[in-house]
Every structure is written in structure tokens, then in C-alpha cells.
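Structural overview
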Amino acid sequence: VVSWNSMIMSYVKAKNMASASELFNEMENRDTFTWNTMISGYVSASDMESAMKLFSEMKIPDSLSWNSIISGFAQAGKMKLALDFFQRMPQKTQVSWNTVIAGYEKNGGFKQAMELFFHMQAEGRKPDRHTLSSILSICAESADQHTGMQMHQLVSKLVIPDIPLYNSLITMYARCGAIYEARAVFDEMKPQKNVISWNAMIGGYASHGFAREALKLFESMKCCKMKPTYITFISVLSACAHGGLVEEGRSYFKSMVEDFGIKPRVEHFSSLVDLVGRHGKLEEAMEIIRSMPIEPD
RNA sequence: UUCUCCCGG
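Within any chain, residue numbers begin from 1 and follow the written order of that chain's sequence. Chain A is the first chain written and ligand 1 is the first ligand written, with later ones labelled in order. With pLDDT at 70 or above as the cut-off, local features in this predicted model cover only qualifying residues; side-chain atom pairs require 80 or more to be listed or tallied, and sums for whole chains, interfaces and linings still use all residues. Only heavy atoms go into the side-chain values, all of them from the structure, while hydrogens and water stay out.

A short note on the environment of Ser96
To qualify as a helix, a DSSP run of H or I must reach at least 4 residues; to qualify as a strand, a run of E must reach at least 2; elements of each kind are numbered from the N terminus. Take Ser96: it is sitting in helix α7 (residues 94-106). Residue classification places Ser96 among the buried residues on the basis of a relative accessible area of 0%. Ser96 sits 10 residues away from Phe86 along the chain, and the two C-alpha atoms are 7.1 Å apart. Beyond its immediate chain neighbours, meaning those up to four positions away, Ser96 contacts Asn67, Phe86 and Met89. N or O atoms within 3.5 Å of each other form a polar contact, as long as, within protein, one can give a hydrogen and the other can take it, and as long as residues adjacent in sequence are counted only when both atoms are side-chain atoms. A distance of 2.9 Å separates the side chain of Ser96 from the backbone nitrogen of Thr93, its partner in a polar contact. The rule is simple: take the accessible area with a 1.4 Å probe, protein chains only, and divide by the maximum for that residue type; under 20% is buried, over 50% is exposed, in between is partly exposed. It only takes one pair of heavy atoms within 4.5 Å for two residues to be counted as in contact.

In C-alpha cells:
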């Protein structure tokens, strides 16, 4: 049975649901793993019809089966259905709560997500990293610094933050314009900062008009032997554009291509155009636009 | 062997 399940799993991972279901139909001793594997395969293929069909044929769906279905509806943006299954689910697990909260977060149901978040705690269930990360995204997107700070307290109280959670905190503060708080989290990370942390922090400075701070941090990033990405340069160039740092901008653009081998994207070009255009060099701006390669993909 | 992620934020 286990080896059949593994084979089905391989087909599912290869997104070959036709072959997976062939095997599934030939199997005589299907267990819950088998069913769940198939359901999750249909869910990731966005085929909720088939997923639901299997789910309703199960005699006793376990929590993983339920969670897959909830996740599937959430990904499809059908939050009413997701919530409906969530409410009918007999033994909700931590993952169930996280799934439906993440679903509302993704679909802009911030209020519902927050309500569920408080609801789960009222039932004595502790938020974990997944929960908190969804809630922090909501605070970031809605620039709700007050809630964000409360969530920060909860993070410190409930979990040992991992790198993504730290990054969510930085992003949340940065989006709220709380640059100082963002920086405090950033510094707290000490050596475990990854590229995303650097990008989030530099982007935070850049988008709030702290051009020099952004560039300063970019320089320390390079000192730490951290490799910038195209995202980093979007922030760096936009910092230059907003700070009117024409020469620096040109030289960073050049360095991006020559030192780091990063292919310029439209975002980079638009900062560059902005930069030279705002300083009366319309000719040069036009020249850049004319020389822009068309991005194929 | 199966559930929380579309985005590097």
C-alpha cells in the first residue's frame, strides 16, 4: 500500500493527475493517505470539482482531508465555501485555523481574518508562526501600526521568530512608516539576516524618502558579502531618483549590470528615466527609453 | 508517502 501511495504521490508531484487517478482506480486497499494524496493533487491542480468528489466519497475524512479542501476553496477565492467547510469540520486543528486565516488574508478579508484570529485565541488556541505571519501581512497591507505592534508583542511572547517572521515584522513596520522600529527588528536579527531582510529594510528607507540611509545600508550589505538582487536595486535606484542623486544612480545602475550581472528590468529603467528626467536631462531620458531592450518574458 | 505559501517582503 505504501509503495502504491508513493507512486501516486510521484504522479501528483509531477502534476500528472490522469496517471495518478489511473493508479488510484486500480488500487484495492486505499487508505486515508491515498485519498488525501489524490485530494491534494486535485487541489493544487485547482480542480475543486474532482477534489470535492473524492472528499464526499470518503467515509471518514481526517483533518488533512478537510484542510486540503478548505485550502483549495481559499486559493480559489471562494471564502464562503472555505468558511463553510471550516465550520463544519469536527476537529479543527491549528492548520485549519491557519488555512482559513491565510485565505482571508490573501483575499482581502482583513476584518474576517482578524475576527478569526481573536476567535481562535478565545478558544484557547495559540497562534503560531503561520498565523502571526498572516496577521502581520494584514497589518502591513493595511498600514495598521497599532495592531502590528500588538502582534509584535505576541510574537515575542509566543514563538521564537524564524527568519521569515522577522522579515514580516520589518516589512510591517516599514510599510507603516515606522522606520525606526523596522530598523530595530532588523538589527535584532544580527547575523541571521538574509537577502530578504536587507531588501525589506533598504526598501523601507527608499520608499519613505530616506535616500541616504538606503544607500548607506546598501553599502553595508555589500560589506557583509551579501549579494544584492534585482529587488535591491529597485530600491537603490528609486532612492537615488527620489533623492535627486543623479550621478550615484547612474553609477549604481552600471554596477548592477557590470558587477552583479543583473539584467535591468522595466522597474530599473523607470527609476533611471525618472532620475535623469527630473533633472532636465530630457534628451538623456529619451535616449534611455529608446535603448531599452524589450523584455521577452 | 498526504494539509498552512502566488508574489523576495
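Some points on the protein's contact with RNA strand B
Within the structure, RNA strand B sits among 25 residues, and Asn5, Phe33, Asn36, Asn67 and Ile196 are positioned closest to it. A single heavy atom is enough: if one lies within 4 Å of a molecule or strand, its residue is considered near that molecule or strand. For RNA strand B, the fraction of protein-proximal atoms (within 4 Å) that sit in sugar or phosphate groups is 38%. Separating a base nitrogen of RNA strand B from a side-chain N or O atom of His130 is a distance of 3.3 Å. Every element with two or more residues in the surface near RNA strand B is listed here: α1 (2-13), α3 (32-44), α5 (63-75), α7, α9 (129-141), α11 (163-175) and α13 (195-207). Across the surface near RNA strand B, the residue classes tally to nine nonpolar, 15 polar and one charged. Charged residues are taken to be Asp, Glu, Lys and Arg, nonpolar residues to be Ala, Val, Leu, Ile, Met, Phe, Trp, Tyr, Cys and Pro, and polar residues to be all remaining types, Gly included.

Considerations on the pattern of salt bridges
Each salt bridge in this description consists of a side-chain nitrogen of Lys or Arg and a carboxyl oxygen of Asp or Glu lying within 4 Å of one another. Counting across every chain of the model gives 13 salt bridges. Salt-bridge contacts for Arg250 lead to Glu247; the nearest nitrogen and oxygen are separated by 2.7 Å. Residue Arg250 and its partner Glu247 are both found in helix α16 (residues 246-258); the two are separated by three residues, about one turn of the helix. One salt bridge in this structure joins Arg250 and Glu284, with 2.5 Å as the shortest N-O distance. Placement of Arg250 in helix α16 and of Glu284 in helix α18 (residues 282-291) is noted, with a sequence separation of 34 residues between them. Each of Glu247, Arg250 and Glu284 takes part in one network of salt bridges that share partners.

Overview of the packing of aromatic side chains
Only rings of Phe, Tyr and Trp enter the pairing, Trp through its six-membered ring, and a pair is recorded when the two centres are within 6.5 Å. The plane angle decides the type: under 30 degrees is stacked, over 60 is edge-to-face, the rest tilted. For the structure shown, the criterion picks out 13 aromatic pairs. Considering the side-chain rings of Tyr205 and Phe210, the 6.2 Å spacing of their centres and the 75 degrees angle between planes classify their relative orientation as edge-to-face. With a relative accessible area of 6%, Tyr205 lands in the buried category. Here the aromatic residues Phe55, Trp66, Phe73 and Phe85 are joined through ring pairs into a cluster of three or more. Just above the ring of Phe24 sits the side chain of Arg30; from NZ or CZ to the centre is 4.3 Å. Sitting over a ring, as applied to charges here, requires NZ of Lys or CZ of Arg to be within 6 Å of the ring centre and within 35 degrees of the ring normal. The lysine or arginine in question, Lys92, covers the ring of Phe86, its NZ or CZ lying 5.3 Å from the ring centre.

Details of helix α2 (residues 17-26)
Within α2, the full set of buried residues consists of Met17, Ser19, Ala20, Ser21, Leu23 and Phe24. Buried residues along α2 sit against α1, α3 and α4 (48-57).

Looking at the side chain of Ser238
By the secondary structure assignment, Ser238 is in helix α15 (residues 230-243). For Ser238, a relative accessible area of 18% translates into the label buried. Once residues lying within four places of it in the same chain are set aside, the contact partners of Ser238 are Ala206 and Ser271.

Focus on the environment of Glu284
In this structure Glu284 comes out as partly exposed when scored by relative accessible area, which is 26%. The spacing of Glu284 and Glu181 is 103 residues in sequence and 39 Å in space, taken between C-alpha atoms. If near-sequence neighbours (up to four positions away) are discounted, Glu284 is found in contact with Arg250 and Val276.

So, α3
Working note: α-helix, 3.6 residues per turn, so residues spaced by three or four point in the same direction. Taking 1.5 Å of rise per residue, the 13 residues of α3 would be expected to cover 18 Å, and the 18 Å separating its terminal C-alpha atoms lies within 8% of that figure. Where the residues of α3 are buried, they touch α1, α2, α4 and α5. Multiplying 1.5 Å by the helix residue count minus one yields the expected span of that helix.

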